[in-house]
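For reference, the chains in residue letters:
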Amino acid sequence: MVSVPMRPKVLMNAESFGFGPTAAIASFFPYLRPHVPTLGYIGEGHSLDLQTPLPYNDLHDCTNWSDSAILRVMRQYDVFVTATDFRMAALAKQAGLFTVIYDPLTWFWREMPDAVKACDMYLAQNFIGVADALAGYLPHMRAQAHTVAPILQKAVPLHKGDTVLINFGGLLNPFWSLADAVSYARSMYRAIKATLPVDVTPVVCASTAIAKALPEMNAKSYARADMLTLMAQSKLAFMTSGLGNIYDAAQYDLPTVWLPPTNDSQGQQLALLVNAGLTDQHIDWQHIDGSLAVDYHAPQAEVMAHIVRRVHGLAAPAARTAVAHAYAQVNALGHSKTRGLIQRFGTGGAEEVAGHILNILESKAAA
């Protein structure tokens, strides 16, 4: 990767929706930090959890800020890089910044987001359906557009250990309350804990807010590097089907039980994996109760309302039965079917994304 004397100042950002976007930015960080003298982060809510441990020049917590306050900070920088925060991308363009959007959900959007049409560089993480979606976008874009590999390291040790990992890192999003997310985590944790042998103590990952609300889980918000270490040390995992989690399971060949989806994109991603034969075991809402099926292609607000009702009406015995069945199957596995995604889409996306950004900075520094 080219190292250049950079003058442009870079401001990073991630949508505060689950842990996928903020984990992506944390994955790019180590490839950018050595080459970018001024590197800042601006974000809200739990998106800061994974950024706070990293050595940024400045961290801007813009929770509850006005647009004018955000614009004042943005104008101190030259280049803006966001993971799917389209509102912030629009503000960055308003502030005059060269705007880069990293998007792991190109396959998902019903319509091409306006911010994608207006940005200067668009980086779409490859997944099922991305090539066709991006082909439809290109005639309407002013941006440079590139498909990038999943944000996985090119070579890592496969999982080797006895840890049972429960990852609730992707539960928080703007379409349900913290109380809803806590209720989901409590129900799923208790069902899993009741299923595991008495001598097995799971390691639980969660956002700071959920960990604080449920001390019984002894959960922590782990830095990205520590999370990858946990993956390598785990025998199996229980996770929600966010794309970051899916690709982490693929990279570490980690047998995984996919928990009931907590939003529409998780539900659709899970269906794509099931149809492709790339899941070990999964629990959807109808597996707990046949009357609880969710149409994940309905309007987002409707999907979230249905999920909230299912969370608060969850019967503990039924949840335990579904978890016990899935655990019995996955506990016997040594490998994960999810690894087929790597054979299809490759690795090295974090370095690839950083390379595109550094090329832009090089051209701006030389201008």
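The coordinates are above.
What you see is a predicted model, and the numbers here were worked out from it, not measured in a lab.

## Quick look at the layout of surface pockets
One simple way to see leftover space: roll a probe sized like a water molecule over the atoms. Space inside the second largest pocket adds up to approximately 290 Å³. At the level of secondary structure, the elements contributing two or more residues to the lining of the second largest pocket comprise helix H1 (20-32), helix H8 (224-232) and helix H15 (349-366). Per-element tally for the lining of the second largest pocket: the top contributor is H1, with five residues. The residue inventory of the lining of the second largest pocket, partitioned by class, reads 11 nonpolar, five polar and three charged.

## Some points on unusual backbone geometry
Across the chain, the bulk of peptide bonds are trans and the bulk of non-glycine residues have phi less than zero. Even without being a glycine, Asn218 presents a positive backbone phi close to 50°. Among the residues examined, Asn218 registers a relative accessible area of 64% and is labelled exposed. A positive phi is found at Asp253, a non-glycine position, where the angle reads about 50°. Here Asp253 is to be found in the loop between helix H9 (243-251) and strand E11 (256-258).

## Things to note about the environment of Ser47
Mapped onto the fold, Ser47 is located in the loop between strand E2 (39-43) and strand E3 (58-61). Sequence-distant contacts of Ser47, that is, excluding residues within four places in its chain, are made with Ala14, Glu15, Ser16, Thr22 and Tyr41.

## Some words on the nonpolar core
Among the nonpolar cores identified, the biggest contains 45 residues, and Phe168, Tyr184, Ile210, Phe238, Trp285 and Ile307 are the most heavily contacted of them. Elements with a minimum of two residues in this core: strand E8 (163-168), helix H6 (178-195), strand E9 (203-206), helix H7 (208-213), strand E10 (234-239), helix H11 (285-288), helix H12 (300-312) and helix H13 (316-330). The greatest single-element share of this core, amounting to eight residues, is contributed by H6. Those residues in contact with Ile307 that sit more than four places away from it in its chain are Trp176, Pro261, Thr262, Asn263, Trp285, Val294 and Tyr296. Of all hydrophobic cores here, the second largest spans 44 residues; its members include Met112, Ala143, Cys205 and Tyr222.

What counts, and at which threshold
- Positions within a chain are numbered from 1, following the residues in the order the chain's sequence is written.
- Local features in this predicted model are restricted to residues of pLDDT 70 or higher, and side-chain atom pairs are both shown and tallied only at a pLDDT of 80 or more, whereas totals for entire chains, interfaces and linings draw on every residue.
- Only heavy atoms go into the side-chain values, all of them from the structure, while hydrogens and water stay out.
- Space inside and on the surface of the protein is sampled on a 1 Å grid over the protein atoms alone, with a cavity defined as a set of points where a 1.4 Å probe fits but cannot get out and a pocket as an open set with protein on both sides within 12 Å along at least 5 of 7 lines; lining residues have an atom within 4 Å of a point.
- Grid points are joined across faces, edges and corners, and a volume is the space filled by probe spheres set on the points.
- In this description a helix means any DSSP run of H or I spanning at least four residues, a strand means any run of E spanning at least two, and both kinds are numbered starting from the N terminus.
- Here the term charged refers only to Asp, Glu, Lys and Arg, the term nonpolar to Ala, Val, Leu, Ile, Met, Phe, Trp, Tyr, Cys and Pro, and the term polar to all other amino acids, Gly among them.
- Exposed residues in this analysis have more than 50% of their type's maximum accessible area, buried residues have under 20%, and partly exposed residues fall in between, with area computed by a 1.4 Å probe over protein chains only.
- Any two residues whose heavy atoms approach within 4.5 Å at even a single point are treated as in contact.
- In plain words, nonpolar cores are sets of buried Ala, Val, Leu, Ile, Met, Phe, Trp, Tyr and Cys residues tied together by side-chain atoms within 4.5 Å.

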